[in-house]
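# Summary of the model geometry
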Amino acid sequence: MAEFSNLLDEAMGLGAGVLPPGCVVLVEDCVETSGAFLLHHLLKRALFSEANAACGGAVVFLAVAQTFFHYDRVLRKLGCNLVMQKKNNKLHFIDLLEFPVTGVTGENASDQGFVELYSKIRRAVQACCSKEYKTGSITIMIDDISLLEIAAHGSMDVVLDFLHYCVTLASEMECSLVILNHEDIYSSEEAPGLLSHLRHLSDVEIKAAPLSTGLAADVHGQLTIVNKGKSTGHGRSAQKVRNFHFKVKENGVEFFYPGSRH
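Since the structure is predicted, the reported quantities are computational estimates derived from the model, not experimental observations.

## Side note on helix α7 (residues 156–172)
With 17 residues, α7 should cover 24 Å at 1.5 Å per step; its first-to-last C-alpha distance of 24 Å lies within 8% of that length. Those residues of α7 that fall on the buried side of the exposure criterion are Met156, Val158, Val159, Leu160, Phe162, Leu163, Cys166, Val167, Leu169 and Ala170. Looking one or two residues beyond α7, the residue adopting positive phi is glutamate 174, at roughly 55°.

Listed below in structure tokens is the structure:
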């Protein structure tokens, strides 16, 4: 039987600390409760896990919301040096602000910019798979899908096409894909389209929300994890839903069931 280090890993099925090949994880948060801590947790798990103990995992990280300096500062508190991970070709960090897609204008310009962005991600994944670099599992991470729509000059279709390419890449190259999205920033007319697409593409949904009872000193919010199970020739295995609380600390995060702490 698999051993799990915490409730989140157990709910996601991360027995050895890594996501199954081709798995798509959607992290949803809101203004009251940021889900950034989940990206930090999953980033560290992708680079350092029991399954990757021999050679380490690799991550291709598309940064839309924050800089490399921000993530390096946060991950150092978690015991992970991202500068060394980059130097060892375990972390391929793509900063959207430094990529041409954010500055292009004109008809079809954003389309071409996203094609080039996808090509860069694909090359990074291929580099991780090369014999030159010994890596374990490979994870693609996108830290804010909502800001990609701004980079695409408001074109949701361009963003969805880009996402479908990334999902296909994850499947073809046996990678996992982690996406963060802000659930409550869209209008009622926009939300059904993008959110339904994201949820349809995902195998695991993680939703961070505030406590229904309001603020608490020792609890920062609650998580709902919907694990849709692995696809099989007869469809998917049974869907599992888990709910628990969390508290973000300076050097990590604690997960626990309601009423289990006294």
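From this point, the discussion proceeds with the structure in view.
## Let's talk about the environment of valine 83
When you line up the elements, valine 83 lands in helix α4 (residues 82–87). Linking valine 83 and phenylalanine 69, residues 14 residues apart in sequence, is a C-alpha distance of 9.3 Å. Apart from the residues within four sequence positions on either side, valine 83 is in contact with Phe68, Asp72 and Arg76.

## Some remarks on the side chain of histidine 40
Along the chain, histidine 40 falls in helix α2 (residues 36–47). Those residues in contact with histidine 40 that sit more than four places away from it in its chain are His70, Tyr71, Val74, Leu75 and Leu78.

## Considering the pattern of salt bridges
Per the stated rule, a full pass over the model turns up seven salt bridges. Arginine 76 is the salt-bridge partner of aspartate 72, the closest N and O atoms lying 3.0 Å from each other. Here aspartate 72 and its partner arginine 76 are both found in helix α3 (residues 68–77), four residues apart, which amounts to about one turn of the helix. With a shortest N-O distance of 3.2 Å, lysine 249 and glutamate 254 are connected by a salt bridge. Using a relative accessible area of 42% as the deciding quantity, one classes lysine 249 as partly exposed. The class for glutamate 254 is partly exposed, based on a relative accessible area of 23%.

## Here's the deal with unusual backbone geometry
Notably, asparagine 89 is not glycine yet its phi reads approximately 60°, a positive angle. With respect to the helices and strands, asparagine 89 occurs in the loop between α4 and β3 (91–95). For asparagine 89, a relative accessible area of 24% corresponds to the partly exposed category. Located in the positive-phi region is glutamate 174, a residue other than glycine, with phi close to 55°. Classification of glutamate 174 as exposed rests on a relative accessible area of 57%.

## Things to note about the sheet that holds strand β7 (residues 221–227)
Reading across the sheet, the nine strands line up as β3-β2-β4-β5-β1-β6-β7-β10-β11 and stay open at both edges, with mixed pairing between neighbours. At either margin of the open sheet sits one strand with a lone partner, and together these are β3 and β11 (252–256). Sheet twist, expressed as the average angle between the axes of neighbouring strands with direction ignored, equals 20°. For strand β4 (residues 138–142) and strand β5 (residues 176–182), the ladder comprises four bridges, and the chain directions are parallel. Pairing of methionine 141 across the sheet is with valine 178, part of β5. This element, α7, spans β1 (24–29), β2 (58–63), β4 and β5 of the sheet and lies at about 155° to β5.

## So, the packing of α2 against α3
When two helices pack together, you describe them by how their axes are tilted relative to each other and by the distance separating the axes. Closest axis-to-axis distance for the α2/α3 pair is 11 Å, and the angle between their directions is 75°. Put simply, α2 runs roughly perpendicular to α3. Between α2, through His40, Leu43 and Lys44, and α3, the contact on the second element is made entirely by His70, Tyr71, Val74 and Leu75. Looking at the contact of α2 with α3 residue by residue, the class counts come to four nonpolar, two polar and one charged.

## Thoughts on the packing of aromatic side chains
All told, the structure shown has nine aromatic pairs when counted by the stated rule. Here the aromatic rings of phenylalanine 61 and phenylalanine 93 are separated by 5.5 Å at their centres, their planes lie at 5°, and the arrangement is stacked. Of this pair, phenylalanine 61 sits in strand β2 while phenylalanine 93 sits in strand β3, placing them 32 residues apart in sequence. Here phenylalanine 61 and phenylalanine 93 have matching classes, each one buried. Grouping aromatic residues by their ring pairs yields a cluster made of Phe61, Phe68, Tyr71 and Phe93. Across the ring face of phenylalanine 68, the terminal group of lysine 86 is positioned such that the distance to the ring centre comes to 4.4 Å.

Conventions we followed
Within each chain, residue numbers correspond to sequence positions counted from 1 in written order. The predicted origin of the model limits local features to residues at a pLDDT of at least 70 and limits the giving and counting of side-chain atom pairs to 80 or more, whereas totals for whole chains, interfaces and linings rest on all residues. Only hydrogens and water are set aside; all other atoms, that is, all heavy atoms of the structure, feed into the side-chain values. Here a strand is any run of E in DSSP of at least two residues, a helix any run of H or I of at least four, and the numbering for each starts at the N terminus. For a helix, the expected span equals 1.5 Å multiplied by the number of residues minus one. Exposure is judged per residue with a 1.4 Å probe applied to protein chains only, and the accessible area is read against the type maximum: over 50% gives exposed, under 20% gives buried, and values in between give partly exposed. By definition, residues are in contact when any of their heavy atoms lie within 4.5 Å. One side-chain nitrogen of Lys or Arg within 4 Å of one carboxyl oxygen of Asp or Glu is enough to make a salt bridge. Here, a strand pair is defined by DSSP locating no fewer than two bridges between the strands. Between N-to-C directions, angles span 0 to 180 degrees; the directions come from axes that are lines fitted to C-alpha atoms, helices contributing only their stretch in contact. For classification, angles of less than 35 degrees are called roughly parallel, those exceeding 145 degrees roughly antiparallel, those between 65 and 115 degrees roughly perpendicular, and all remaining angles oblique. Polarity classes work like this: nonpolar for Ala, Val, Leu, Ile, Met, Phe, Trp, Tyr, Cys and Pro, charged for Asp, Glu, Lys and Arg, and polar for all others, with Gly in that last group. Any two of the Phe, Tyr and Trp rings considered here, Trp counted by its six-membered ring, make a pair once their centres fall within 6.5 Å; the pair's planes then place it as stacked at under 30 degrees, edge-to-face at over 60, or tilted in between. Both a distance and an angle decide whether a charge sits over a ring: NZ of Lys or CZ of Arg must be within 6 Å of the ring centre and within 35 degrees of the ring normal.

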